[in-house]
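Commentary on secondary and tertiary structure
If you want the building blocks of each chain, they are given just below.
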Amino acid sequence: MGDLEGFRYSGLIERYRDRLPVDKDSKIISLSEGDTPLIRLDNLMGEIGHDIQLYAKFEGANPTGSFKDRGMTMAVTQAANEGAQAIICASTGNTSASAAAYAARAGIKAFVIIPEGKIALGKLAQAMIQGAIVLQIEGNFDDGMQIVKDIADVAPVKIVNSVNPYRLQGQKTASFEIIDALGRAPDYHALPVGNAGNISAYWAGFCEYAAKQPVQEYRRAGESEPFAYKFAPVVDSVPVICGYQAELANPFVQREMIVEPETIATAIRIGRPQSWEFAWAAHDESGGWFDSLSDHEILQAQALLAEREGLFCEPASAISVGGILRDIRRGKIADGSVITATLTGHGLKDPDTAIQQCKTSPLSVSANVDSVKRAILDNL
Ligand code: F0G
């Protein structure tokens, strides 16, 4: 039986194929990732009382619950079409969940290196049930990353961390979607920064849609011109990029690598980011800034998004909105601005942290109408 004919979104490679380095004949490994909602946060902005539009790009709506799927469809498509038998990554959790899913889809093996005891349980569950071989180390993400970079020379595995250029190519499509949805570029874009792949990818995407020079160049097989130069501008401006880090895991704010990063936002517990130069380019060229938030501020932002906007994201994701709201309050952002902020991963990945910070617990009531009625009237 052939494919049905109705419209079915089938992933970001199909949607943005002419802007991605994918060979015509490649078999695409996709889970219909991308096309995530851009949600206007009017409740939060109403409370702040500025004439500013703030939108959240909710990447938790990707198939494995984080933005990593954008890069992984590209990296695994490339690896599988090159005939790789196995992929490998170091991860604070989300990359491992995504790598496991796309490897399963491609019918190849995934090896994932994680810091023991320092990844959210939901992410571990995803990697395990999707058949990845999970290698936990007594060390942090940065130690795992070093091993992954060394192992590729001595074992038949393809790296799918964001040092793999196909990852950033996939992730840049989030910027395209934002501009396609708004009909213009935002004035500011806020996002969390860990290994710094995503900030680099967003900047590449924004620049490409404005037809400025891309951060990275790629050539399709057999073509001598970098493919990204071929396009007419879609918009005429790029946003200021605002990157936020956790207070004790903030190498970009310190302007130097950190040996023992620590934060409750385990996804961004990273001290030696791989995309250091690309991220500084995004900062310098966009006229942007890096800043850090305490764990307390991160959790406050997570709760605020959940309570006021019904958006449940993981702590690392909330840092983008927490950071930009603080900068709005500090007067760093002009009235009339349009801001987008990436919520990188779903809150369900880390229910433990969420439950621990809830001020209420479930009320035990008797199983009858009277008790429930009393509970309603007491709590209206
Ligand atoms: N937000 C979430 C939820 C993440 O999982 C990550 C990175 C980031 C933000 C930071 O993005 O590294 O591109 O600067 N997680 C990686 C992982 C490191 O292994 O899942 P970045």
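Read on for an overview of the structure. Since the structure is predicted, the reported quantities are computational estimates derived from the model, not experimental observations. (Residues numbered from 1 in each chain as written. Predicted model: local features only at pLDDT ≥ 70, side-chain atom pairs only at ≥ 80, totals over all residues. Heavy atoms only, no water.)

**As for the pairing of strand E5 (residues 133-137)**
Selection rule: Two strands pair if DSSP finds at least two bridges between them. Helix and strand labels come from DSSP, where a helix needs a run of H or I of at least four residues and a strand needs a run of E of at least two; each type is numbered from the N terminus. We call a crossover right-handed when, viewed with the strands running away from us, the connection from the first strand over the helix to the second turns clockwise.
The sheet contact formed by strand E4 (residues 109-115) and E5 spans five bridges and is parallel. Bridge pairing in E5 places Phe111 opposite Ile133. Handedness of the β-α-β unit built from E4, helix H5 (residues 121-129) and E5 comes out right-handed.

**A closer look at empty space enclosed by the protein**
Using the following cut-off: Points on a 1 Å grid, built from protein atoms alone, make a cavity when a 1.4 Å probe fits but cannot get out and make a pocket when they are open with protein on both sides within 12 Å along at least 5 of 7 lines; residues with an atom within 4 Å of a point are the lining residues. Grid points are joined across faces, edges and corners, and a volume is the space filled by probe spheres set on the points. Note that Gly is not counted as nonpolar here; it falls among the polar residues with everything else outside the nonpolar set of Ala, Val, Leu, Ile, Met, Phe, Trp, Tyr, Cys and Pro and the charged set of Asp, Glu, Lys and Arg.
Counted according to the given criterion, the structure contains two cavities of 30 Å³ or more. Forming the walls of the largest cavity are 27 residues, and the residues nearest its centre are Phe67, Lys68, Gly194, Asn195 and Ala267. Those elements that place two or more of their residues in the lining of the largest cavity are helix H4 (94-106), helix H7 (165-171), helix H9 (197-209) and helix H13 (315-329). Per element, the largest residue contribution to the lining of the largest cavity is three residues, and it comes from H9. Per-class residue counts for the lining of the largest cavity are ten nonpolar, 14 polar and three charged. In this structure, the second largest cavity occupies an estimated 30 Å³ of space. Together, Pro21, Val22, Asp23, Ser26, Met74, Thr77, Gln78 and Tyr166 line the second largest cavity. The dominant element in the lining of the second largest cavity, judged by the number of residues it contributes, is helix H3 (residues 68-81), at three residues. For the lining of the second largest cavity, a count of residues per class yields four nonpolar, three polar and one charged.

**What about the pattern of salt bridges?**
Pairing of side chains with opposite charge becomes possible as their charged atoms draw close. Counted only if it meets this: Salt bridge, as used here: a side-chain nitrogen of Lys or Arg that lies within 4 Å of a carboxyl oxygen of Asp or Glu. For the exposure calls, accessible area comes from a 1.4 Å probe over protein chains only, and a residue counts as buried if that area is under 20% of its type's maximum, exposed if over 50%, partly exposed in between.
Applying the stated rule across the entire model yields 21 salt bridges. In this structure, the salt-bridge partner of Glu177 is Arg70, at a minimum N-O distance of 2.9 Å. You can see Glu177 sitting in helix H8 (residues 173-182) and its partner Arg70 sitting in helix H3, a full 107 residues away along the chain. A relative accessible area of 4% places Glu177 in the buried class. Linking Arg330 and Asp291 is a salt bridge whose minimum nitrogen-to-oxygen distance equals 3.6 Å. One end of the pair, Arg330, is in the loop between H13 and strand E10 (338-343); the other, Asp291, is in strand E9 (residues 289-293), and 39 residues separate them in sequence.

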